[in-house]
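Structural features, examined
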Amino acid sequence: MEPILDVEGLSISFRQYDRGAHQRTLPVIHDLSLSIAPGQVVAVVGSSGSGKSLLAHALLDILPANSAREGVIRYRGEPLTPARTAALRGTEIVLVPQGVTYLDPLMKVGPQICKGRREGRVREACRAVLARYGLPPDTEERYPFELSGGMARRVLISTAVMESPRLVIADEPTPGLDARAAGRILGHFRELADGGAGVLLITHDLELALTIADRVAVLYAGETVEEAAAADFTTPGGLRHPYTRALWAALPQNGFRPIPGSQPAPGEIPTGCRFAPRCPRCRGDCQETHPAYRSFRGGMVRCDFPGEVME
Amino acid sequence: MSLEAKDLTFRYPRRSRGSVLEGVFLTVEPGERVGLSAPSGRGKTTLCKLLSGYERPDRGEVLLDGRPLSSYKGFCPVQMIWQHPETAVDPLLRLGETLYEAGPVEDRLLDALHIQPAWLERYPLELSGGELQRFCIARALREGVRYLLCDEITAMLDLITQAQIWDFLLEEARQRELGLVIVSHNTLLLERLCTRIHPLT
Amino acid sequence: MSRWNQRKRTLALLGCAALLLCAVTVAGLLFQPLAMETDFANKQLAPGPGHWFGTDWMGRDMLARTLTGLSLSIRIGLLTAVVSALLSVLLGVTAALGRRADAVISWCIDLFLGIPHILLVMLISLAFGRGFVGVVAGVSLSHWPSLARVIRGEVLQLRQTTYVRAAERLGVPRGRIIRRHMLPHLLPQFLTGLILQFPHAILHEASVTFLGFGLSPEQPAIGVILSESMRYLTTGKWWLALFPGLSLVLVVLLFAALGEGVRRLLHPASAHQ
């Protein structure tokens, strides 16, 4: 099936002033590739500050003015030009942002969901959407500050799905929610995918992502290091990259074992493999050669010695 | 020798819908690790703020060793660590200044938290959330601290950083007989960390 | 992308504007004797090679008078802007830190904002006996409220930030919190306010002087020059008002550009463009 979204070699960098008027370029995302087929939920998992929100902003062409973007983004087979993005976003491509701060605090929820349109048909659709997400009809009359965290998230989803989108981008939809509420919100994204849309779920929470995702792309220091099917995580030896394995082993229920060190900041990226300084299986040339992103055992991996399990 | 919450009631001013907390009792002994679990919106963060003196209760009191918490001047022996470390450090100050502004911090802590000396010269924007959280923990663990309130402190961090931080905190709390109150929506994490779990109803 | 980035261009613009203003100030001081020199043989000359801006009814060179006037305006502007900006910070911070002080200061802000500016400047200037002191007092005592209100709001917000609350709980003394966590955050507001206060101060100085409540008539201030020129405008002596007026507008625009540039450099939303 033709992928709904196909990102190839996406790099994003920022121009910043260091000291005085001297400018430097900070690479934040490097060589990111992924594709989403209709009906699929693809999760992009990365730690905070790894630039994963920028991916959403790049797809919607709303990056700040001091950034530069390289690579190709294709939507339903054709490149996303700024003009095309402007025409599609909000209707076919929608963003479910992080929290209630993305709602207009001075506008009631109903008009925000209807995007200001007043026709009876739209109002009805709005009520239907609210009902679908278990929100009482009087939600329409409320202001954003009167919503709880979970309700706000459902309102944001309602706003997004009013137009029956083909591609839903969810940027950290669950923080601040307890496990049950988070599960319910993620369930709604699963439903959207089952209805034929493509869902890109951007999150730092691997555990929650795995509950609904078909495939998971793992970000490390601005690069995708592995793309795996959700089932690979629970299959012994199914994971390909040592970082992904370390993530999995650090889960409270899987041993809670940390590896030392931290992710390099943009601007201090090592020349070779970006994970090499922390890698338990680092070999001599890992420090020098930057591994290519290649397919391996039905997934993708950026490691020259993938899949070898220790012990 | 304990941290006690007695009949705490709190409501945010100008908010009509009832109290956030109503008659909450909680006692934490030194060396204890108490997990707070409740659905969102039940005032877990508010309870932490009351216990560490960020807010004052409308009714009831917080006692440390039988004395009201508000009678402790200067460095508060009950310290709170926040979910979003980037809001808890001044964006315009180098982290070294933030770390030492209230007084000395043992070098041992910096080593154990893997805080690199070069980070002290940086501004908060240049570090990741996990790195900033280490600074917030280090400055709270000054001499004289008795209780730490950890409000979802690793919820925004990646799993490896989460494991690193808890690894350190549990060891430190054991050695110094600190009492911990841990808030998390992750029940598996709470089970792993806590000596008992207190449901907030 | 051009070879000069945004920040370099802004800095260059700032440098040029500042240099030009300094040059005008210094030139005005140097030309002061010439501005007072009367020469009745050459009175009412139209602009020409000898006198670029022409001469007035006493044969005084208008270029020298304009420069001296501008110089005086800039010095008054600088003084009043600094005084009123400092006053704003002091009152703004005080208001934000105490509830009772806030009530009093907010009331004062409302009161001062409620009276038309020009009226206030005239009254205060009169009360201080007009002249240089009167103008400076009038303009600086009437221009603090808007910046003070901005600063008060800013401090109130800063006090509620997690990092200030956390510093309090960590036992950082109050004075150090104000010095380290508040003043640095107020600097952009302060600098921008300071520079944007300039054009206001200069214009108000010129207008009260024009109306006769400011500097005394023998001083070559822009307001004096303009008000004198009114008598001769109807007889076709256009240069008496045009050049001094235009150069005043130019100076004001330069200051506005300076303020805008500083704001752009310091404001986080545009700092990295």
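Residues numbered from 1 in each chain as written. Chains lettered and ligands numbered in written order. Predicted model: local features only at pLDDT ≥ 70, side-chain atom pairs only at ≥ 80, totals over all residues. Heavy atoms only, no water.

For clarity, the cut-off: UniProt positions are given in the numbering used here, feature names are shortened, and annotations may be inferred rather than shown by experiment.
Looking at an unreviewed UniProt entry, chain C carries the name ABC transporter permease, with the source organism given as Pseudoflavonifractor gallinarum. Per its UniProt entry, chain C bears the Sequence similarities (unreviewed entry) comment "Belongs to the binding-protein-dependent transport system permease family." In the Subcellular location (unreviewed entry) part of its UniProt record, chain C is described as follows: "Cell membrane".

An unreviewed UniProt entry annotates chain B as ATP-binding cassette domain-containing protein of Pseudoflavonifractor gallinarum.

A look at the packing of helix H7 (residues 145-160) of chain C against helix H8 (residues 162-169) of chain C
Residues and elements named next belong to chain C. Basically, it comes down to this: Orientation is described by axes fitted as lines to C-alpha atoms, over the contacting stretch for helices, and by angles from 0 to 180 degrees between their N-to-C directions. Note on conventions: DSSP H or I runs of at least 4 residues are helices, E runs of at least 2 residues are strands, and numbering of each starts at the N terminus. In this scheme, roughly parallel covers angles under 35 degrees and roughly antiparallel covers those over 145, while 65 to 115 is roughly perpendicular and the rest are oblique. Contact between two residues is taken to exist if any of their heavy atoms lie within 4.5 Å; hydrogens are not considered. The classification used treats Ala, Val, Leu, Ile, Met, Phe, Trp, Tyr, Cys and Pro as nonpolar, Asp, Glu, Lys and Arg as charged, and all other residues, Gly among them, as polar.
Two elements in contact, H7 and H8, have axes separated by 4 Å at closest approach and are oriented at 60 degrees. The orientation of H7 relative to H8 falls into the category oblique. Here Leu158, Arg159 and Gln160 of H7 come into contact with H8, specifically with Thr162, Tyr163, Val164 and Arg165. Its residues assigned to classes, the contact of H7 with H8 comprises 3 nonpolar, 2 polar and 2 charged.

Section: the UniProt feature "transmembrane region" (unreviewed entry) in chain C
Residues and elements named next belong to chain C. UniProt feature "transmembrane region" (unreviewed entry): in the numbering of this structure it lies at residues 72-97, 104-126 and 238-258. End-to-end, the C-alpha atoms of residues 72-97 are 38 Å apart, and along that stretch the chain is 100% helix and 0% strand. As a span, residues 238-258 carries 95% helix and 0% strand, and end to end its C-alpha atoms are 30 Å apart.

Some words on H8 of chain C
Rules: For the exposure calls, accessible area comes from a 1.4 Å probe over protein chains only, and a residue counts as buried if that area is under 20% of its type's maximum, exposed if over 50%, partly exposed in between.
Most of H8 of chain C sits inside the fold, with 7 of its 8 residues counted as buried. Of all the residues in H8 of chain C, the buried ones are Thr162, Tyr163, Val164, Arg165, Ala166, Ala167 and Arg169 of chain C. The elements touched by buried residues of H8 of chain C are strand E6 (78-81) and helix H4 (129-140) of chain B together with H7 and helix H9 (174-211) of chain C. Among the residues trailing H8 of chain C, Gly171 of chain C stands out with phi positive, at a value near 90 degrees.

What about the interface of chain A and chain B?
Just so we agree on the cut-off: For any pair of parts, buried area is found by adding up, for both, the accessible area (1.4 Å probe) each one loses once the two are put together. For salt bridges, the criterion is a side-chain nitrogen of Lys or Arg within 4 Å of an Asp or Glu carboxyl oxygen. Under the rule applied, a polar contact is a pair of N or O atoms within 3.5 Å (in protein, one hydrogen donor and one hydrogen acceptor; residues adjacent in sequence only if both atoms are side-chain atoms).
In this assembly, 31 residues from chain A lie in contact with 27 residues from chain B. Between chain A and chain B, a total of about 2,400 Å² is buried, with carbon and sulfur atoms accounting for 57% of that surface. One can count 1 salt bridge joining chain A with chain B. Salt-bridge contacts for Arg122 of chain B lead to Glu268 of chain A; the nearest nitrogen and oxygen are separated by 2.6 Å. Connecting chain A to chain B are 8 residue pairs in polar contact (both at pLDDT 80 or more).

A look at the confidence of the model for chain C
All names here are of chain C. What counts here: pLDDT is defined as a per-residue confidence score from the predictor, taking values between 0 and 100.
Chain-level statistics for chain C give a pLDDT mean of 83 and a share of 96% at 70 or above. By mean pLDDT, the top-scoring element of chain C is H8 (93), and the lowest-scoring one is helix H2 (residues 32-36) (76). Both scores are available for the predicted complex, with the pTM at 0.80 and the ipTM at 0.90.

Quick look at the sheet that holds strand E2 (residues 21-28) of chain B
All names here are of chain B. Using the following cut-off: A pair of strands is treated as paired once DSSP finds two or more bridges between them.
Across the sheet, 4 strands lie side by side as E2-E1-E4-E5; this open sheet has antiparallel pairing. Single-partner strands in this sheet number two, and they are E2 and strand E5 (67-68). Bridge count for strand E4 (residues 59-64) against E5 is 2 bridges, and the pairing is antiparallel. Bridging across to E5, Leu63 finds its partner in Pro68.

What to know about the nonpolar core
The following threshold applies: In plain words, nonpolar cores are sets of buried Ala, Val, Leu, Ile, Met, Phe, Trp, Tyr and Cys residues tied together by side-chain atoms within 4.5 Å. Here the limits of each domain have been adopted from an automatic or database domain assignment.
Counting residues in each nonpolar core, the largest one holds 135 residues, and the members touching the most others are Phe189 of chain A together with Leu169 of chain B. Broken down by element, this core gets its largest block of residues, 8 residues, from helix H5 (residues 159-176) of chain B. Counting contributing residues, this core receives three or more from each of domain 1 (36-67 + 165-298) and domain 2 (101-162) of chain A. Sequence-distant contacts of Phe189 of chain A, defined by excluding residues within four places in its chain, comprise Val41, Val96, Ile157, Val168, Ala170, Pro173, Val199 and Ile212 of chain A. Core analysis: the second largest hydrophobic core is formed by 40 residues, Leu21, Leu67, Ala96 and Val262 of chain C among them.

Description of the packing of aromatic side chains
Here is the rule we go by: The pairing test for Phe, Tyr and Trp rings, Trp by its six-membered ring, is centres within 6.5 Å, and the orientation test on the planes gives stacked under 30 degrees, edge-to-face over 60, and tilted for anything in between.
Tallying each qualifying case throughout the model produces 9 aromatic pairs over all chains. Seen in terms of ring centroids, Tyr243 of chain A and Phe275 of chain A are 5.4 Å apart; in terms of plane orientation they differ by 65 degrees. Their pairing is edge-to-face. Within this pair, whereas Tyr243 of chain A is found in helix H9 (residues 242-249), its partner Phe275 of chain A is found in the loop between H9 and strand E11 (294-296), the two being separated by 32 residues in sequence. The exposure class of Tyr243 of chain A is buried, given its relative accessible area of 2%. Arranged with centres 6.5 Å apart and planes meeting at 45 degrees, the rings of Trp119 of chain B and Phe135 of chain B form a pair that is tilted.

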